Amino acid sequence: MKFDFLSESDQAYFIHKASTLVEALPYIREHSGKNIVIKYGGHAMGDILLSQKFSKDVGLLKEVGINPIIVHGGGPQIGKMLKKKNISSNFVEGLRVTDTKTVKIVEDVLSKDINEKIVNDINTSGGKAEGFSGNKNNLIEATKLKIAVKNSDSNIEKILDIGFVGEPVKINISIIKESLEKGHIPVIAPLGIDQEGNTYNINADTAAGAIAGALKANKLLLLTDVAGILDGNEKLISSLSVEEAKKIVNKTFVLGGMKPKISTCIEAIKNGVKKATILDGRISHALILELFTEHGIGSQIYS
Ligand code: ADP
Ligand code: MG
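Now for a description of the structure that goes with this document. No experiment lies behind these values; they were computed from the predicted model shown.

1. Observations concerning the pattern of salt bridges
Phase 1 of the analysis: Applying the stated rule across the entire model yields 13 salt bridges.
Phase 2 of the analysis: Between D161 and K144 there is a salt bridge, and its shortest N-O distance comes to 2.8 Å. Of this pair, D161 sits in the loop between β8 (157-160) and β9 (166-171) while K144 sits in strand β6 (residues 140-144), and the two are 17 residues apart along the sequence.
Phase 3 of the analysis: Owing to a relative accessible area of 28%, K144 belongs among the partly exposed residues under this scheme.
Phase 4 of the analysis: Linked through salt bridges whose partners overlap, the residues forming this network are K104, E107, D108, K112 and K136.

And the structure:
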């Protein structure tokens, strides 16, 4: 055997490696030429080794003909910067009340610090990333988010004003398409702009879902810091239909940041995205495991 200069265990190791690559083939074929929108944030973004792996994974997707589009978050980094500048924030329904001074800092942290770092990381690992801010060139047209709260005594609904927190109304996909046509990997900061030229902070999951819907992406991947959607017994729900997701989103065991994630997946599928997965960004090569292996990871929502 030509291979007999290697020990038996080394042979088995290399054969395993080769078969792993071959195992990916049907998945590469499935996604090649298609758009995959990835919300990148939380823990995975703050860890140097994980962020290097993420950049390489994104580069690999691009090399095999898939179009990854990255939308990033930045909550913890924004929180740190506001603290440094002695600006305090109040939260309503999990959303930061954002005044004029705060939205300026949000814009700086998202569109400069974080966006530039992700673009640099991807470029350092050999990819060609291109940074975008949702509030520039009308990429993400937004409107002020209206939060309705019910007074528990009178049951009267009140609309709360939490400042410059927005929701997307239109995505100008031509900008993203142009970037993809140039062979670039678009990296988008979740900011929006309204008709008066006001800038808004948008939840990154919501922005990623709207972009995925507008592009009719093959997949929406929301990377987070938990295994996926956990049920009332803390067990991972690995696969669920949109109908099941609609029931689950209002259950008492779905709290905080998981609610907008599930709603985003439901909305994206309604808008033509094939599948949406909430997955654990703390796992090394989470993207590759999810896209290119039989088992996948996280919670997959399908239509
Ligand atoms: P990200 O930065 O990824 O957007 P969030 O903190 O906004 O993270 O949302 C993820 C968090 O949602 C988890 O860390 C977890 O604490 C919380 N969560 C609430 N309910 C659930 C649930 N049923 N399953 C999983 N996570 C949940
Ligand atoms: Mg969140």
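That was the structure; now back to the text.
2. Details of the layout of surface pockets
Phase 1 of the analysis: Approximately 270 Å³ is the volume attributed to the second largest pocket.
Phase 2 of the analysis: Taken together, T20, L21, A24, I28, L60, V64, H285, I288, L289, F292 and T293 form the lining of the second largest pocket.
Phase 3 of the analysis: Counting only elements with at least two residues in the lining of the second largest pocket, the list comes to α1 (8-23) and α11 (286-292).
Phase 4 of the analysis: The greatest single-element share of the lining of the second largest pocket, amounting to three residues, is contributed by α11.

3. Observations regarding the site of ligand 1
Phase 1 of the analysis: The environment of ligand 1 is made up of 16 residues, and the closest members are T224, D225, L230, F253 and K261.
Phase 2 of the analysis: L230 places a main-chain nitrogen or oxygen 2.9 Å from a nitrogen atom of ligand 1.
Phase 3 of the analysis: When ligand 1 sits alone it has 570 Å² of accessible area, and the protein chains cover 71% of it.
Phase 4 of the analysis: Among the secondary structure elements, those contributing two or more residues to the shell around ligand 1 are β13 (219-224) and α10 (258-270).
Phase 5 of the analysis: Tallied by class, residues from the shell around ligand 1 come to eight nonpolar, four polar and four charged.

Criteria and cut-off values
Residues numbered from 1 in each chain as written. Chains lettered and ligands numbered in written order. Predicted model: local features only at pLDDT ≥ 70, side-chain atom pairs only at ≥ 80, totals over all residues. Heavy atoms only, no water. Salt bridge = Lys/Arg side-chain N within 4 Å of Asp/Glu carboxyl O. Helix = DSSP H or I, 4+ residues; strand = E, 2+ residues; numbered from the N terminus. Buried < 20%, exposed > 50% of the residue type's maximum accessible area, 1.4 Å probe, protein only. 1 Å grid on protein atoms, 1.4 Å probe; cavity = no way out; pocket = protein on both sides within 12 Å on 5 of 7 lines; lining within 4 Å. Points joined across faces, edges and corners; volume = space filled by probe spheres on them. Near = heavy atom within 4 Å. Polar contact = N/O pair within 3.5 Å; in protein donor to acceptor, adjacent residues only side chain to side chain. Areas by Shrake-Rupley, 256 points an atom, 1.4 Å probe, with all protein chains shown as cover. Nonpolar A, V, L, I, M, F, W, Y, C, P; charged D, E, K, R; others polar.

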